Amino acid sequence: MLLRMSTLLLRTLREDPADAEVPSHRLLLRAGYLRRAAPGGYTWLPLGKLVLDRVTDVVRQEMTAIGDQEVLFPALLPAEPYRTSGRWAEYGDDIFTLADRRGAEHLLAPTHEELAALLVKDLFTSYRDFPVTLFQIQTKFRDETRPRAGLLRGREFLMKDAYSFDLDDSGLAAAYDRHRDAYRRIFDRLGLDHTVVAATSGAMGGSVSEEFVASSEVGEDTFVACTGCDYAANTEAVTTPAPPAGDPDAPPPARVYDTPDTPSIESLVELANARRLGDRADWTAADTLKNVVLTVRRPGSDEPELLVIGLPGDREVDLRRVGAALHPATVTMFDSFADRPELVRGYIGPQILAACGVRYLVDPRVVPGTAWLTGANEPGRHAVDVVCGRDFVPDGTIEAAEVRPGDPCPACGSGTLTIRRGIEIGHIFQLGRRFTDAFAVDVLGPAGKPVRPTMGCYGIGVSRAVAAIAEQHHDERGLVWPAAVAPCDVHLVAAGKGPQLDAALDLGGQLAGRGLRVLVDDRTHVSAGVKFTDAELIGIPRTVVVGRRFTDGYVELRDRITGERDEVPVDALVARLTEGVSGRV
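Since the structure is predicted, the reported quantities are computational estimates derived from the model, not experimental observations.

(A) Quick peek at the environment of Leu-45. Within the secondary structure, Leu-45 sits in the loop between β3 (41-44) and α2 (46-65). A residue is classified by how much of its surface remains accessible, and Leu-45, at 11% relative accessible area, is buried. Separated by 36 residues in the primary sequence, Leu-45 and Leu-9 place their C-alpha atoms 6.9 Å from one another. Every residue in contact with Leu-45, bar those within four places of it in the chain, is listed here: Leu-9, Gly-32, Tyr-33, Leu-34 and Arg-35.

(B) Seen up close, the pattern of salt bridges. Following the criterion strictly, the structure yields 54 salt bridges and no others. Across the pair Glu-21 and Arg-148 runs a salt bridge, and its minimum N-O distance is 3.8 Å. Residue Glu-21 is located in the loop between β1 (2-4) and α1 (23-30), and its partner Arg-148 is located in the loop between β8 (132-141) and β9 (156-166); the two are separated by 127 residues in the primary sequence. The class for Glu-21 is partly exposed, based on a relative accessible area of 37%.

(C) Molecular detail of unusual backbone geometry. Here the bond from Phe-130 into Pro-131 is cis, since omega is 0°, no more than 30 degrees from zero. On the secondary structure map, Pro-131 appears in the loop between α5 (113-123) and β8. The step from His-327 to Pro-328 runs through a cis peptide bond, and the omega angle for that step is 10°. Mapped onto the secondary structure, Pro-328 falls in the loop between α8 (319-326) and β17 (330-333). In this structure, Ala-149 is a non-glycine residue whose phi angle is positive, near 60°. Turning to its location among the elements, Ala-149 is positioned in the loop between β8 and β9. On the basis of relative accessible area, Ala-149 is assigned to the buried category, the value being 1%. Notably, Asn-377 is not glycine yet its phi reads approximately 65°, a positive angle. Note on placement: Asn-377 falls in strand β19 (residues 371-378).

(D) Region of the structure containing the layout of surface pockets. Here the second largest pocket is characterised by a volume of approximately 480 Å³. Contributing to the lining of the second largest pocket are 25 residues, with Pro-263, Lys-290, Asn-291, Val-292 and Gly-346 lying nearest its centre. Those elements that provide at least two residues to the lining of the second largest pocket are α7 (265-274), β15 (289-297) and β19. The element best represented in the lining of the second largest pocket is β15, accounting for five residues. Of the residues belonging to the lining of the second largest pocket, the class tally is 14 nonpolar, eight polar and three charged.

(E) Here's a closer look at α2. Here α2 is 20 residues long and its end C-alpha atoms lie 28 Å apart, about the 28 Å a rise of 1.5 Å per residue gives. All of the buried residues along α2 are Leu-47, Gly-48, Val-51, Leu-52, Arg-54, Val-55, Thr-56, Val-58, Val-59, Glu-62 and Met-63. One or two positions beyond α2, positive phi appears at Gly-67, with a value near 95°.

(F) The sheet that holds β17, seen in detail. Read from one edge of the open sheet, five strands run β17-β15-β16-β18-β21, paired in mixed fashion. The outermost strands of the open sheet, each flanked by one partner alone, are β17 and β21 (396-397). Two elements, strand β16 (residues 305-312) and strand β18 (residues 359-362), share four bridges in a ladder whose sense is parallel. Bridge assignment links Ile-309 to a residue of β18, and that residue is Leu-361.

So, how was this worked out
- Residues numbered from 1 in each chain as written.
- Predicted model: local features only at pLDDT ≥ 70, side-chain atom pairs only at ≥ 80, totals over all residues.
- Heavy atoms only, no water.
- Helix = DSSP H or I, 4+ residues; strand = E, 2+ residues; numbered from the N terminus.
- Buried < 20%, exposed > 50% of the residue type's maximum accessible area, 1.4 Å probe, protein only.
- Contact = heavy atoms within 4.5 Å.
- Salt bridge = Lys/Arg side-chain N within 4 Å of Asp/Glu carboxyl O.
- 1 Å grid on protein atoms, 1.4 Å probe; cavity = no way out; pocket = protein on both sides within 12 Å on 5 of 7 lines; lining within 4 Å.
- Points joined across faces, edges and corners; volume = space filled by probe spheres on them.
- Nonpolar A, V, L, I, M, F, W, Y, C, P; charged D, E, K, R; others polar.
- Expected span 1.5 Å × (residues − 1).
- Pairing = 2+ DSSP bridges.

So this is what it looks like as structure tokens:
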């Protein structure tokens, strides 16, 4: 393949676009890989499409290598299967919906578990047809409230989604492991530094879920890793080690104190120590029980639910963790205290919540026998020695507190957690039978009785992976593509308009004939300096400069990744660049 910049649909930019927030967004626009078409939507220009195709090829190769079969479902889907599964309501405003001219409701596909289950039900009737795994590489849609960061959070994106069907849980576990291993190979081939982390299942459901996260400071995912073992998890999936329970009757009876002007934890702790509440002066924020009021809205319900979460006062509520725990419900902070006078803002305690009919969930650290300094449900008053299991009984526990560096590891207990940021590039799930149950997918088993298959789901954000690669592979001058995904293998720069230009085109033809992908900068209306700047911005791994020493029989070979430069005899260039290439076109 030979591309000439004089005719290529390519416009590089000298300045960063005003709306570009992260390096991948800035550089993919500046280097002429993308153009913004709409909020959250981008046109792939020729160089960008080449990178996208190369990433897609790697994904497809590894999927077919483990026996997955490629299909292509429609992107415009009827609403009925999603109503049957319950996900029409669960997705809510996150999906694009529309009605055809007859009034039938449809959606633009966010994912295809329903269609995969229906296809298997339509085609397979016997246990002999299993196991089977289907995959597709297709455009998906999500109605993002605020598209941002270019390809990292758009409304339209390219995704690989695979669906495995097995007759039993051991088969599902084997399929899951195959895809997990394949994903590691894919991301290694793409040059992505990544971590596999435990995750929540969200709208997919299922019992086991892991994310593949590419390390990046601009990533929206936050995950933890242990200093003492290999534990890693999305912060939404981190579990809190609970202390041992104690005797609820051991602490003294609760006592109420006047605590004026203490609406915050800090002011409460200061007053408690100054006045020696409970005959002690060593109070810390961790000894207080903070009670946060939330509004919970469940799909299909017109009436919101009031929820109070109790957690140690040195912690803040993480609404993302709450949302993951209560999915598919949506969660917001409650602020209509005038409508609920029994909930005294700043002085709420758990003692009255059950009588008020308010659901109360607590942090796992709030166990029976623990005594707390908390609100007394009166303005300007708090109570000491309010004991879990005696003065209040929670309705359950919830992982709602923020995760902090230094927290104990829930896996090994001896290590501590570090917090990192990254970009989710893949997600795998053991779904179980949620979707085969929804559509009554049964086949005849070996004993002559119906068997219901169990499913796995495996997704990769293909277009997002392009952005993740750009985030990890760039410098102050531009993109630095790994060889496996670069749009071309060689960038030939003609530094002059005479014999250098003819030689660059001739060398480009020779290299293309030997199976390399070649980009030739044959533009005659720009200076050599502009060409060199564009070459570094575009980021192809190797650049060949046909310059002044060409008349002496030499060209300069530049390595974009290492920065090394080497003068190479013209007669030896083709052989050097085509080492290891055999018939690729």
